[in-house]
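Each chain, written out:
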Amino acid sequence: MSKKIIIPAIAFLGMVFMAFYTAKLEDKAAIEVERSDDVSNAFPSVVVVELFTSQGCSSCPPADVLLEKVKNQYPQEVFALSYHVDYWNYIGWEDPFSHARYTKRQSYYNQKLGYRGNYTPEAIVNGKEHFVGSSSGKMYSKINKYKTQKAQNTIALSNVIRNGNSISFDYNIDGDISDKTLRAVLVLDERITSVKRGENRNRTLKNSNIVVAESYNELELAKGSGKISVPSLVRQNEGTTLMLLTENEVLDITGATKIKV
């Protein structure tokens, strides 16, 4: 009788031990997966500030000054982009850096963010939030917010060569690139302009990190090469910077890098 009791008891204890051991293995596996996810997303933070502005807008100069200020204060973390829109050109001053495609990009953002229409100066941070670009309080608040968030991608640039009016480069991207696009942006470091007409007539304006060229490539491979043209409006002695951004299908920016060229 005692043997009949002991044998089932031993079997029961064995089953309990195996269940406990299996649970521990599953917990360990879950922890390892979580750690793996943390490592894969543990890329340095990036704060991409896209300012939609115009030399024909009287409200824009303070935003232009603020963009230059944060660009200099956060040379590593902040990627400053000044997009000059074209819808103020009719007032009397045609902004030499304006382009319809920049206005269209602003429209895409505002449609995504549920805002009706475009306005200047408008700042977009990492493709996720917008605010009046001259608001220093909002600017620093958003920079501090996104400085603490890890990027989903990191981009390594190499073999950056300027040959006449063309810049070629190689890139290597870490992190998930599914349904993502690589945006190459060439910016003019700064330009001072004497505005003769329009809302800013008789004013001298300084613009920084002016977007002068872009190219887009759907990412199929993490490694590749690209090329971007240098437009004729960039003078021989002016400094330029090449930026590469990764963005997903809803225009959230997931990684960025930059280099002087």
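Residues numbered from 1 in each chain as written. Predicted model: local features only at pLDDT ≥ 70, side-chain atom pairs only at ≥ 80, totals over all residues. Heavy atoms only, no water.

1. Observations concerning helix α4 (residues 136–147)
Threshold: The helix and strand labels rest on DSSP assignments: H or I over at least four residues marks a helix, E over at least two residues marks a strand, and numbering proceeds from the N terminus. In this scheme, a helix's expected span is set at 1.5 Å multiplied by one less than its residue total. Note on classification: 1.4 Å probe, protein chains only; a residue is buried when its accessible area is under 20% of the maximum for its type, exposed when over 50%, partly exposed between these limits. Taking the helix axis as origin, the arc is that swept by the directions to the C-beta atoms. Contacts are assigned to residue pairs that have any heavy atoms within 4.5 Å of one another.
Taking 1.5 Å per residue as the helical rise, α4 with its twelve residues ought to reach 16 Å, and the 16 Å between its terminal C-alpha atoms agrees with that figure. The set of residues buried in α4 consists of Met-139, Tyr-140, Lys-142, Ile-143 and Tyr-146. For α4, the angular spread of buried residues about the axis comes to 165°, placing them on one side. As for α4, its buried residues are in contact with β1 (47–53), α2 (61–73), β2 (78–84), β3 (122–125) and β4 (129–132).

2. Some remarks on unusual backbone geometry
Looking along the chain, the bond that leaves Thr-120 and enters Pro-121 is cis, with omega of -5°. Following the sequence through the fold, Pro-121 ends up in the loop between α3 (100–112) and β3. One non-glycine residue with positive phi stands out, namely Asn-126, at about 55°. Assignment of secondary structure puts Asn-126 in the loop between β3 and β4. Given a relative accessible area of 4%, Asn-126 falls into the buried group. With phi around 50°, Asn-209 is a residue other than glycine that occupies positive phi space.

3. Quick look at a negative patch on the surface
Here is the rule: Like charges within 9 Å and nonpolar side chains (Val, Leu, Ile, Met, Phe, Trp, Tyr) within 5 Å are joined into patches, using only residues over 30% in relative accessible area that form no salt bridge. What sets the accessible areas is the Shrake-Rupley method with a 1.4 Å probe; for residues, cover comes only from the shown protein chains. By definition, a salt bridge exists where a carboxyl oxygen of Asp or Glu is found within 4 Å of a side-chain nitrogen of Lys or Arg. Counting rule applied: Lys, Arg positive; Asp, Glu negative; His and chain ends not counted. The atoms used to mark charge sites are NZ of Lys, CZ of Arg, CG of Asp and CD of Glu.
Among the surface-exposed residues, Asp-176, Asp-179, Glu-218, Glu-220 and Glu-249 lie close enough to one another that they form a single negatively charged patch. Tracing the chain through its elements places Glu-218 in strand β8 (residues 203–218).

All we've got here are geometric facts, nothing functional implied.
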